[in-house]
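Structural characterization, general
Single-letter residue listing:
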Amino acid sequence: MRIYDNMDFFAPRIVLRPQELTNNPEIIRRLGVIGMNTAIEVDIYGHANSTHVGGTHLMNGIGGSGDFTRNSYLSVFMCPSVAKGGKISTIVPMATHVDHNEHSVQVVVTDQGLADLRGLGPTERAKKIIQNCAHPAYRDYLFRYLEQAPPGHIRHDLTKSFELHANLQQCGAMLPDLDLSQFR
């Protein structure tokens, strides 16, 4: 309402441009944009899901986040470390849907801290995200997952990569034995 009530003040100060200009990769690069976007979940390697809950239910459209993530001077993804009173960790072994891959996500921020991923290899990225961004109640699980996953450039145990999501569907919480009173 404040904008409408003060339109005489705001009108000469607002510039609207078509999407072909505002989301143009060359312009985004030239301006040195710091792209700050939200995520539903981020996996331990830095793949960000910003659109689909559980990989299947559309929460919001990708909009221009891809343009800004791929072309900005610095791309930042933010989310809380947990959701639904601690029942859900937003830092997971493998994202259920990937809108932005690890090559484009440079910084992850949660209420637990910040992980600057620039110049890090996959295992270093995973350790930094778990240590700095995951909620302490989920860190042991995530570190154990990383340690027990078969070796490879990216360590994933495909039999356990969606275990947290399966627990959520079956039990109503990603870690069914977790004391949720600590989140109140």
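The structure under discussion appears in the preceding block.
Rules used throughout
Residues numbered from 1 in each chain as written. Predicted model: local features only at pLDDT ≥ 70, side-chain atom pairs only at ≥ 80, totals over all residues. Heavy atoms only, no water. Pairing = 2+ DSSP bridges. Helix = DSSP H or I, 4+ residues; strand = E, 2+ residues; numbered from the N terminus. Axes fitted to C-alpha atoms, helices over the stretch in contact; angles between N-to-C directions. Contact = heavy atoms within 4.5 Å. Buried < 20%, exposed > 50% of the residue type's maximum accessible area, 1.4 Å probe, protein only. Core = buried A, V, L, I, M, F, W, Y, C linked by side-chain atoms within 4.5 Å. Polar contact = N/O pair within 3.5 Å; in protein donor to acceptor, adjacent residues only side chain to side chain.

In this section: the sheet that holds strand E1 (residues 34-38). Taken in spatial order, the four strands make up an open sheet running E1-E6-E10-E11, and their pairing is mixed. In the strand order of this sheet, the two ends are held by E1 and strand E11 (113-116), each with one partner. In this sheet, neighbouring strand axes are inclined to one another by 20° on average, regardless of whether the strands run parallel or antiparallel. Both strand E10 (residues 107-110) and E11 contribute to a ladder of four bridges, which runs antiparallel. Paired with Val108 across the bridge in E11 is Ala115. Helix H6 (residues 122-133) contacts E10 and E11 of the sheet and is inclined by roughly 165° relative to E11.

So, on to the environment of Asn23. Tracing the backbone shows Asn23 in the loop between helix H3 (19-22) and helix H4 (25-31). Judged by relative accessible area, which is 13%, Asn23 ranks as buried. Residues Asn23 and Ala95 lie 72 residues apart in sequence; the distance between their C-alpha atoms is 26 Å. Setting aside chain neighbours within four positions, we find Asn23 in contact with Ile28, Gly64, Asp67 and Phe68.

What follows concerns the nonpolar core. Ranked by internal contacts, the top residues of the largest apolar core, which has 30 residues, are Val42, Ile44, Ile91, Val108, Ile129, Tyr138 and Leu142. Within the residue set of this core, elements represented by two or more residues are strand E9 (91-92), H6 and helix H7 (136-148). When residues in this core are grouped by element, the largest group, six residues, is from H7. Dropping the residues within four chain positions of it, Val42 is found in contact with His47, Ala48, Cys79, Thr90, Ile91, Val92 and Val108.

Let's shift gears to the side chain of Asn37. Relative to the assigned elements, Asn37 resides in strand E1. Among the residues examined, Asn37 registers a relative accessible area of 13% and is labelled buried. Separated by 3.4 Å, the side chains of Asn37 and Thr69 make a polar contact.

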